Amino acid sequence: MASTVSPSTTAGSPELPALSQRIQNAADISVIVIYFLAVMAVGLWAVLRTNRSTVGGFFLAGRDMVWWTMGASLFASNIGSGQFVGLAGTGAASGIAIGAVEWNALLLVVVLGWFFVPIYVKAGVVTMPEYLRKRFGGKRLQITLSILSLFLIVTIGIATNIFSGAIFIQLALGLDLYLAIFILLAITAVYTITGGLVSVIYTDTLQTIIMVIGSCVLMGFAFAEVGGYESFTEKYINAIPSVVEGDNLTISSRCYTPQPYSFHIFRDPITGDIPWPGLLFGMTILSVWYWCINQVIVQCCLSGKNLSHVKAACVMCGYLKLLPMFFIVMPGMISRILYTDMVACVVPSECRRHCGTEAGCTNYAYPTLVLELMPAGLRGLMLSVMLASLTSSLTSMFNSSSTLFTMDIYTKIRKHASEKELLIAGRLFVIVLLVISILWVPLVQVSQNGQLFHYTGSISSYLGPPVSAVFVLAIFYKRVNEQGAFWGLLFGLVMGLIRMITEFAYGTGSCVVASDCPKIICGVHYMYFAIILFFVSMLVVVGISLLTKPIPDVHLHRLCWALWNSTEERIDLDAEDKRQEEVDTVEEDLPVQSRGCLRKAYDIFCGLQKTGPKLTKEEEEALKKKLTDTSEKPLWRTVTNISAIILLAVAVFVHAYFA
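Residues numbered from 1 in each chain as written. Predicted model: local features only at pLDDT ≥ 70, side-chain atom pairs only at ≥ 80, totals over all residues. Heavy atoms only, no water.

- Under the annotation held in an unreviewed UniProt entry, the protein carries the name Low affinity sodium-glucose cotransporter-like and is attributed to Chinchilla lanigera.
- UniProt annotates the protein under Subcellular location (unreviewed entry) with the comment "Cell membrane".
- In its Sequence similarities (unreviewed entry) section, UniProt records this for the protein: "Belongs to the sodium:solute symporter (SSF) (TC 2.A.21) family." (UniProt positions renumbered as here; feature names shortened; annotations may be inferred.)

**Some words on the overall build of the protein**
- Counting secondary structure elements, the protein contains 27 helices and zero strands.
- Taken over 659 residues, the protein has a buried fraction of 58%.
- Of the accessible surface of the protein, which amounts to about 26,100 Å², a share of 66% is contributed by carbon and sulfur atoms. (Helix = DSSP H or I, 4+ residues; strand = E, 2+ residues; numbered from the N terminus. Buried < 20%, exposed > 50% of the residue type's maximum accessible area, 1.4 Å probe, protein only. Areas by Shrake-Rupley, 256 points an atom, 1.4 Å probe, with all protein chains shown as cover.)

**Some details on empty space enclosed by the protein**
- Throughout the structure, instances matching the rule amount to five cavities of 30 Å³ or more.
- Empty space within the largest cavity amounts to approximately 650 Å³.
- Lining the largest cavity are 39 residues, and of these Asn78, Gln83, Ile156, Trp289 and Tyr290 sit closest to its centre.
- In terms of residues, the lining of the largest cavity owes the most to one element, helix H8 (residues 140-173), which gives eight residues. (1 Å grid on protein atoms, 1.4 Å probe; cavity = no way out; pocket = protein on both sides within 12 Å on 5 of 7 lines; lining within 4 Å. Points joined across faces, edges and corners; volume = space filled by probe spheres on them.)

**Description of the state of the cysteines**
- Within the structure shown, the criterion is met by two disulfides.
- Across a sulfur-sulfur distance of 2.2 Å, Cys345 and Cys351 are joined as a disulfide pair. The chirality of the disulfide connecting Cys345 with Cys351 is right-handed, given an S-S dihedral of about 120°. Of the two residues, Cys345 and Cys351, neither departs from the other in class, the shared state being buried.
- Disulfide pairing is shown between Cys517 and Cys522; the S-S distance is 1.8 Å. Every disulfide takes its handedness from the sign of the S-S torsion; for Cys517 and Cys522 that torsion is 50°, giving right-handed. (Disulfide = S-S within 2.5 Å.)

**Side note on a nonpolar patch on the surface**
- Judged by side-chain polarity, Phe266, Trp276, Leu280 and Phe281 come together as a nonpolar surface patch covering roughly 350 Å² of accessible area.
- In this structure, Phe281 sits in helix H11 (residues 276-293).
- In this structure Phe281 comes out as partly exposed when scored by relative accessible area, which is 48%. (Patch = residues over 30% accessible without salt bridge, like charges linked within 9 Å, V, L, I, M, F, W, Y side chains within 5 Å. Salt bridge = Lys/Arg side-chain N within 4 Å of Asp/Glu carboxyl O.)

**Brief notes about the packing of aromatic side chains**
- Enumeration according to the criterion identifies 25 aromatic pairs in this entry.
- Seen from their ring centres, Trp103 and Phe658 are 5.7 Å apart, and the 50° between their planes marks the pair as tilted. Residue Trp103 is found in the loop between helix H5 (97-102) and helix H6 (104-123), and its partner Phe658 is found in helix H27 (residues 634-658); the two are separated by 555 residues along the sequence.
- According to the relative accessible area criterion, Trp103 is buried, its value standing at 1%.
- Both rings, one in Phe534 and one in Phe535, keep their centres 5.2 Å apart while their planes meet at 80°; by these two values the pair is edge-to-face. (Phe/Tyr/Trp six-rings, centres within 6.5 Å; stacked < 30°, edge-to-face > 60°.)

**Some details on the environment of Leu390**
- Within the secondary structure layout, Leu390 lies in helix H18 (residues 378-413).
- According to the relative accessible area criterion, Leu390 is buried, its value standing at 3%.
- Remark: the alpha-carbon pair of Leu390 and Ala166, spanning 224 residues in sequence, is separated by 9.7 Å.

**Side note on the confidence of the model for the protein**
- Here the protein averages 79 in pLDDT, and 77% of its residues register 70 or above.
- Per-residue pLDDT, averaged within each element of the protein, yields its smallest value for helix H2 (residues 55-60) (43) and its largest for helix H23 (residues 526-547) (96).
- Segment residues 51-62 is flagged for pLDDT under 50; beyond a separation of four residues in sequence, or across chains, it makes 54 contacts in the model.
- Throughout residues 604-613 the model reports pLDDT below 50, and contacts reaching past four residues in sequence, or to other chains, amount to 28 contacts. (pLDDT = per-residue confidence, 0-100. Contact = heavy atoms within 4.5 Å.)

**Some thoughts on the side chain of Ser545**
- Here Ser545 is to be found in helix H23.
- Those residues within four positions of Ser545 in sequence are excluded, and the remaining contacts are Arg479, Val480, Asn481, Gly484 and Ala485.

**Description of the packing of H6 against H11**
- Orientation of H6 relative to H11, taken along the N-to-C sense of each, is 40°, at an axis distance of 9 Å. As summarised for this structure, H6 and H11 are arranged oblique, according to the angle between their axes. Seen along the crossing, H6 lies across H11 with a hand that is right-handed. Between H6 and H11, the residues in contact are Asn104, Ala105, Leu108, Val109, Val111, Leu112, Phe116 and Tyr120 and Leu279, Leu280, Met283, Thr284, Ser287, Val288, Trp291, Cys292 and Ile293, respectively.
- When grouped by side-chain class, the residues that make up the contact of H6 with H11 number 14 nonpolar, three polar and no charged. (Axes fitted to C-alpha atoms, helices over the stretch in contact; angles between N-to-C directions. Parallel < 35°, antiparallel > 145°, perpendicular 65-115°, else oblique. Left-handed = near helix turned anticlockwise from the far one by under 90°. Nonpolar A, V, L, I, M, F, W, Y, C, P; charged D, E, K, R; others polar.)

**A few points about the packing of helix H13 (residues 307-320) against H27**
- Running from N to C, H13 and H27 cross one another at 20°; their axes reach a closest spacing of 10 Å. In terms of their interaxial angle, H13 and H27 are classed as roughly parallel. Crossing hand, H13 versus H27: left-handed. On H27, the residues that touch Ser308, Lys311, Ala312, Val315, Gly318 and Tyr319 of H13 are Trp636, Arg637, Thr640, Asn641, Ser643, Ala644, Ile646, Leu647 and Val650.
- Looking at the contact of H13 with H27 residue by residue, the class counts come to eight nonpolar, five polar and two charged.

**Some details on the pattern of salt bridges**
- Under the criterion given, the structure shown has 10 salt bridges.
- A salt bridge links Arg140 to Glu482, with the nearest nitrogen and oxygen atoms 2.6 Å apart. With a gap of 342 residues between them, Arg140 in helix H8 and Glu482 in helix H21 (residues 482-506) connect regions that are remote in the sequence.
- For Arg140, a relative accessible area of 33% translates into the label partly exposed.
- Of the residues examined, Glu482 reaches a relative accessible area of 12% and is grouped as buried.
- One salt bridge in this structure joins Arg353 and Glu350, with 3.2 Å as the shortest N-O distance. With Arg353 and Glu350 both in helix H16 (residues 348-355) and three residues apart, the pair spans about one turn of that helix.
- Under the relative-accessibility criterion, Glu350 is labelled buried at 19%.
- By sharing partners, the salt bridges in this structure join Lys134, Arg570 and Asp572 into a single network.

**What to know about helix H14 (residues 324-338)**
- An ideal rise of 1.5 Å per residue puts 21 Å on 15 residues; H14 measures up with 20 Å between its terminal C-alpha atoms.
- Of all 15 residues making up H14, 14 are buried, and the element is well covered by its neighbours. (Expected span 1.5 Å × (residues − 1).)

**Remarks on the nonpolar core**
- With 176 residues, the main nonpolar core has Tyr120 and Tyr131 as its most contacted residues.
- The element that contributes the greatest number of residues to this core is H8, accounting for 16 residues.
- Discounting residues that sit within four places of it in the chain, Tyr131 has contacts with Ile119, Tyr120, Ala123, Val125, Phe471, Ala474, Ile475 and Leu559.
- Among the nonpolar cores identified, the runner-up in size contains five residues, and Ile251, Tyr256, Val346 and Val347 belong to it. (Core = buried A, V, L, I, M, F, W, Y, C linked by side-chain atoms within 4.5 Å.)

And the structure:
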C-alpha cells in the first residue's frame, strides 16, 4: 500500500524540512505562554514556601515529600524529550520492541523501593558516592563514582535532552538552534539554581499531568488518522520510502522495509536489532544502574516523608511507565506511515534534504507528527508537553549533578567550606554543566545510525554495568571490601571505555554503510556487552575481596542487607575523615546584621536566608533519627506490598501479550 506523504516530506531546504504548519498563530502561542506562567508560578511558590538555606533542604527537599509528588517526579525525570524523540524514532525504524525497554522499570522500581532505598536511608546518605564511602571507607571509590556519574549525566542525560528538545524547537518555531537552546536552558537552570529539589519535584508534578494528557490527545489523533489499530498494523509493514536508490550505493531492502517481527518484543537472539536475551537480561542490568543507583532517581526517593511514601511513589511510577509504549512508540510508528519519505528515508542525500543529517530522520518522527497532525491550540499544548519533558528531566539532572559535585568533589577541595559556600558552589556548577553538554551534542547526532535511544543504551552499556556490579555486591554481599570494589570498578570501566572510544573513533556505521570498527571489539551487540561486562566486574570484585581482609561487622551495621536492621552502634570507616572535615560553624553564631530590601530579596531568591534559630544537640539527634528511620505503619506496609505484587503481575502480562 502506498503511504501518504505530507508537504514535510516533499519540500525542504538542505537543512530543515519545510513543514506545512508551524507554531505561529495566537492560539498556540497563548497555550505556550500559559504553560510557562503556570510552571513559573509553581516554581516560585516552591521557592518561597521551603527552606533552601541548608544542604538537606536544597538537595533533599527537607525529606518531606509525599508519594504522589515523588511518583510524578520519578516519571517526569525519566521521560524527557529524549524519550519522546528517541522512543518514537526507534519505534518508527523497527517497531514496538523498544517500548518493552521501558517496561524493565516495572520490576526495577520495586527493587528500588523495597531493597535499595531502605539501605540508603539507614546509611543516612545524600549521594550514591557517599554511600560507597560509608560502606567501604576511603575516598577513591567516592571520587571515581562521582566523576563517572557526572560524565554519564552529561553524555546520556543532559546532552541528549538538549539535542532532542532542539529538534522540536527547530521544526516548531524556526528559531536559531543555539538561541532556542540558550533560552530553554536559562529558564531550566533558574528553576534548579534557585529552588533546589523541592522546586524540581513540584514542577515535575505539574509537568507529568501535562505530558500524559497532551500525549494521550496526540495518540488519539494519530490512531484516528491511520484508521484504528488493525489498520495501523497493516499499513506500518508497507511503509516503504519511494526513494531507495542513489548516491552510488547498493542498499539492502532490509534497510528500508519494516520487518515481520515489528509487532513482537522478543526478537531473534542473533540477528535481531533488540535481541530478546539482551532485552531481558542486558537491559535489566542497565535498569539496575539507572533506577537503583542513578543519583537523579535515588535523590528523588530520598526526599520522601517515610518509607511507605517512597514505596507508593515507586509503584505509581511503575504504572506510569506502562504508557510510553502507547503514547510515544506507537505514534512514532504512525508517523512513519503518514510521512514515509521523510521519517523512513534511507538514501543519505535524501535524509540530508529532509532533516539535515545523513544518518537518518527517524528522530523527527514525533515532532513532525505533532506539527502536521494537531490542530491550532493543541499544537501549542504538545510543544508545551515537549518543553515540560525537557525542563523536568534537565532540572532533575542539574540538581543531582550539583549535589554530586558539591558533596563528593568540592568538599574534598575545600574541606572547611561553609554551608553557604557549598550551596553557591553547587549552583555555579550548573553553568559548567551547560557548556560541556552543548559541546557534546554533535556526537549525539551522528552516533548509532542517528537513533537516539540506541545511543543512550550503548553508552549506558559501556559504563553502567561495573557500577551496578559494585552496588549489588556492596548491598547484598557483606564480604566485599574496598580493594575488591575499587579494582573491580576500575577494570570494568577500562573495558567499557575501550569499547566506547573505539566505537566513536571508527563510527557506529549504519545499515547503508558498515563501520570499520574491529569485530573483536564492536562485533558484540551492546546489550550482550552489558551482560559480559557486569559478570566480569563481579568476578573481579569478589575475587580480590576474597584475597584480602574483610571489613569487620562493627563498620557495616545498617549498610548491607545482612545487617540492615541492626541496632548496634556503627563505627564509620570514614569517621576520622569526617572529624577532620567538619565545617567551621562560627559564622553561624554571629549576630545577624540588618540588611536592605535588595539584599533580603537576593537571599530569598537564592535560598540563603536564615529561617530559624540553630538546633540544639538534642534536636539535631532527633532530626538525624527521623531522617534514618525506615519504620512503617502495618496498614500502609501491607497496601504498598499488595500494590507492588499487582504491578509485577501486570508486567508479566504485558510482556506475554506482546511477546
